[in-house]
Amino acid sequence: MTTPPALVVDNLRKTYSNGVEALKGISLTVQPGDFFALLGPNGAGKSTLIGILSSLVNSTSGDAQVFGVSVNKQRSDAMRLIGLVPQELNFNQFEKPFDICVNEAGFYGIPRKIAAERAEKYLKELRLWDKAHMQARTLSGGMKRRLMIARAMMNEPKLLILDEPTAGVDIEIRRSMWQFVSAINAAGTTVILTTHYLEEAESLCRNIAIIDHGVIVENTSMKRLLATLDVETFVLDVTAMPDELPSIPGVTLRRRDDHMLEAEMARSHDLNSLFAQLSANGIMVTSMRNKTNRLEELFVRLVEHGRQEPGRSEEQAA
Amino acid sequence: MSNTAANLVALNTLVRREIARIMRIWTQTLIPPAITMTLYFVIFGKLIGSRIGTIQGGFSYMQYIVPGLVMMSVINNCYANISSSFFGAKFSRAVEEMLVSPMPNWVILLGYVTGAVARGMVVGVLVLVIALFFTSLHVVHPLITFLSVLLGATIFSLAGFVNAVYAKKFDDIALVPTFILTPLTYLGGVFYSVNMLGEPWQAISRINPILYMVNAFRFGVLGISDVHVGVAFIVMLGFVAGLTIVALQLLKRGVGLRS
């Protein structure tokens, strides 16, 4: 017997009571074991979609299936398969992290002894064990975010949904969070991630959907999406710079300051010839790096393109 | 694990959490009603009551008001507990912990109601113990006493839950106790027998549900009542059934909880 997809979203629509059409009939599939990025600008419909998957939002029409279980028709069974790390803090700040985790497991019907063992395991893995018996309100912002991940793991979900879990978290904690989630994913848990840190999505996720104005504007593998980027921009640190920048065919040079240049060129362009021509013009390059992360560039393009051509989005949604 | 077993674990978890909350803030949940009722006993029971003498069935005024005051503290505390706990969970979004879980709505409702009833019962016992410092009581019908206080507590727990579901701000959970619950309690025969009232006030009093709770409880403790105990139980059971249906419908539709 073949394993059903981790998630099938089928023509899902949501219109709020104030008339806002947050989802305009989106469909997508996430395979088991995937690390899937769900990206989009603010107000695109990501949180509405996650709300419907976790049953916090009632869909207007359409359905979603988690490992073949309908969220609409078999809500309880579907919820057993999902772990949710929401965007906003949503635990009682006067309770202790250990109790928050054990209680959450209890709500999933997990006996107290097993719940206590799991709480210890995940709080330790997320480096919160020393705070386990302090009031949650005394934790730092990063700790509170990690607590929500630990809590979401209490039912050992097959599908873990992370809605901007690293918002406002410093880089060190963010990295440790990703190490944890990557390990969970490697162990077989399917992960869906929404984030505004696109470098995170680029380095972690294998497949991606970009949502804007309630429609999916792109849904493909990360590799294939990045391959469509035909232009790259490099930042070059240079020792000396002439008053007038040389003209190099196929390359657009821009001055950032007296010791920094930007070079925009086709991905197929030969870097050796760029260096040779810069050198011939008395510009010595000491170091170079990509100007922006590639996914960010694609993301901006796709979202802006979708806004310029609204008809395209509607067609895709149909 | 079967669904029934999982639901029992979930219910047990929710009740434990509610009781832990009551104990964590015991200075707000258990002590104030004890102090308030002590003052009632001193002022109404001792100072004023001693001048009233016997009131009905040969009982002193103090003995007469004890069942009503116990019931009043039970229902007030049930209502306050569930409305503040559930609205607090809504306000802090901690309610989402339950909403995203497989827990069915009836478990959520039963868990909160059980927690509130537990607080009401503890407060009721505390008030009863305090009353024994002022007067002597002999419970005539223990089963009726227990059932009437249980049903009264359940009714006001359910009502508090419905209030919390609709509430959008903390003020909303204070409105009903201030403008409805307190007047109904004071006019529900806690301090007097409705038989003392002339018409139409006696007839009007009989549409007050608290009258039936207070009198059923008074019948259990003292053996006297202004209303037929059977009718009182029918009224209380009707309220329990009606409010349970309303609360479950609100949860099913996700009113104030799911978008």
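What you see is a predicted model; the values in this text were computed from it and never measured.

## Focus on the packing of helix 4 (residues 61-91) of chain B against helix 6 (residues 105-131) of chain B
Residues and elements named next belong to chain B. Viewed as axis vectors pointing N to C, helix 4 and helix 6 meet at an angle of 150 degrees, and their least axial separation amounts to 8 Å. On the basis of their axis angle, the class for helix 4 and helix 6 is roughly antiparallel. Helix 4 and helix 6 meet at a crossing whose hand is right-handed. From helix 4, Val66, Leu69, Val70, Ser73, Val74, Ile75, Asn77, Cys78, Asn81, Ile82, Ser85 and Phe86 reach across to helix 6, where they touch Tyr112, Val113, Gly115, Ala116, Val117, Arg119, Gly120, Val123, Gly124, Val127, Leu128 and Ala131. For the contact of helix 4 with helix 6, a count of residues per class yields 16 nonpolar, 7 polar and 1 charged.

## Looking at the interface of chain B and chain A
Contacts between chain B and chain A engage 23 residues on the former and 25 residues on the latter. At the level of elements, helix 1 (3-24) and helix 5 (95-99) of chain B are the ones that each hand at least two residues to the side of chain B that touches chain A. Top contributing element to the side of chain B that touches chain A by residue count: helix 1 of chain B, with 7 residues. Taken together, the residues of the side of chain B that touches chain A sort by class into 12 nonpolar, 6 polar and 5 charged.

## Here we look at the nonpolar core
By size, the foremost hydrophobic cluster in this structure holds 151 residues, and its most contacted members are A:Cys101, A:Ile161 and B:Phe161. The dominant element in this core, judged by the number of residues it contributes, is helix 4 of chain B, at 18 residues. Residues contacting B:Phe161, with those up to four places away along its chain left out, are B:Ile82, B:Phe86, B:Leu109, B:Tyr112, B:Val113 and B:Ala247. Counting 5 residues, the second largest nonpolar core, distinct from the first, contains A:Leu236, A:Leu261, A:Ala263 and A:Leu274.

## Examining the confidence of the model for chain A
Residue and element names in this part refer to chain A. When pLDDT is averaged along chain A, the result is 86; 91% of the residues meet or exceed 70. At the low end of the mean pLDDT range in chain A sits helix 11 (residues 310-317), at 39; at the high end sits helix 3 (residues 97-107), at 96. The model gives residues 310-318 a pLDDT under 50, and that stretch makes 11 contacts with residues more than four places away or in other chains.

## Considerations on the environment of A:Thr195
Within the secondary structure, A:Thr195 is located in the loop between strand 8 (190-194) and helix 7 (198-204). Other than its neighbours up to four places away in sequence, A:Thr195 contacts A:Glu164, A:Thr166, A:Glu200 and A:Ala201.

## Observations concerning the sheet that holds strand 5 (residues 69-70) of chain A
All names here are of chain A. Read from one edge of the open sheet, 4 strands run 2-1-4-5, paired in antiparallel fashion. Every other strand in the sheet has two partners, leaving strand 2 (21-30) and strand 5 as the edge strands with one partner each. Pairing of strand 1 (residues 7-15) with strand 4 (residues 61-66), which is carried by 5 bridges, proceeds in the antiparallel orientation. Within strand 4, the residue paired with aspartate 10 across the bridge is aspartate 63.

## Focus on the sheet that holds strand 12 (residues 251-257) of chain A
Sheet strands pair via backbone hydrogen bonds, and the direction of the pair is either parallel or antiparallel. Residue and element names in this part refer to chain A. The strand order across the open sheet formed by 4 strands is 12-13-11-14, and the pairing between neighbours is antiparallel. The open sheet has two edge strands, strand 12 and strand 14 (285-290), and neither has a second partner. Direction aside, the axes of adjacent strands within the sheet are offset by 25 degrees on average. Bridging between strand 11 (residues 231-238) and strand 13 (residues 260-266) involves 7 bridges; their strand directions are antiparallel. Residue pairing for strand 13: threonine 233 is matched across the bridge by glutamate 264.

## Regarding the pairing of strand 3 (residues 35-39) of chain A
Residue and element names in this part refer to chain A. Buried residues dominate strand 3, accounting for 5 of its 5 residues. Going residue by residue along strand 3, you find Phe35, Ala37 and Leu39 tucked away on one face and Phe36 and Leu38 tucked away on the opposite face as well. Examined bridge by bridge, strand 3 and strand 9 (residues 207-212) share 4 bridges and lie parallel to one another. Across the sheet, the residue bridging to leucine 38 is alanine 209, located in strand 9.

Calculation rules
Residues numbered from 1 in each chain as written. Chains lettered and ligands numbered in written order. Predicted model: local features only at pLDDT ≥ 70, side-chain atom pairs only at ≥ 80, totals over all residues. Axes fitted to C-alpha atoms, helices over the stretch in contact; angles between N-to-C directions. Helix = DSSP H or I, 4+ residues; strand = E, 2+ residues; numbered from the N terminus. Parallel < 35°, antiparallel > 145°, perpendicular 65-115°, else oblique. Left-handed = near helix turned anticlockwise from the far one by under 90°. Contact = placed C-beta atoms within 7 Å. Nonpolar A, V, L, I, M, F, W, Y, C, P; charged D, E, K, R; others polar. Core = buried A, V, L, I, M, F, W, Y, C linked by C-beta atoms within 7 Å. Buried ≥ 20, exposed ≤ 12 C-beta atoms within 10 Å, placed from the backbone. pLDDT = per-residue confidence, 0-100. Pairing = 2+ DSSP bridges.

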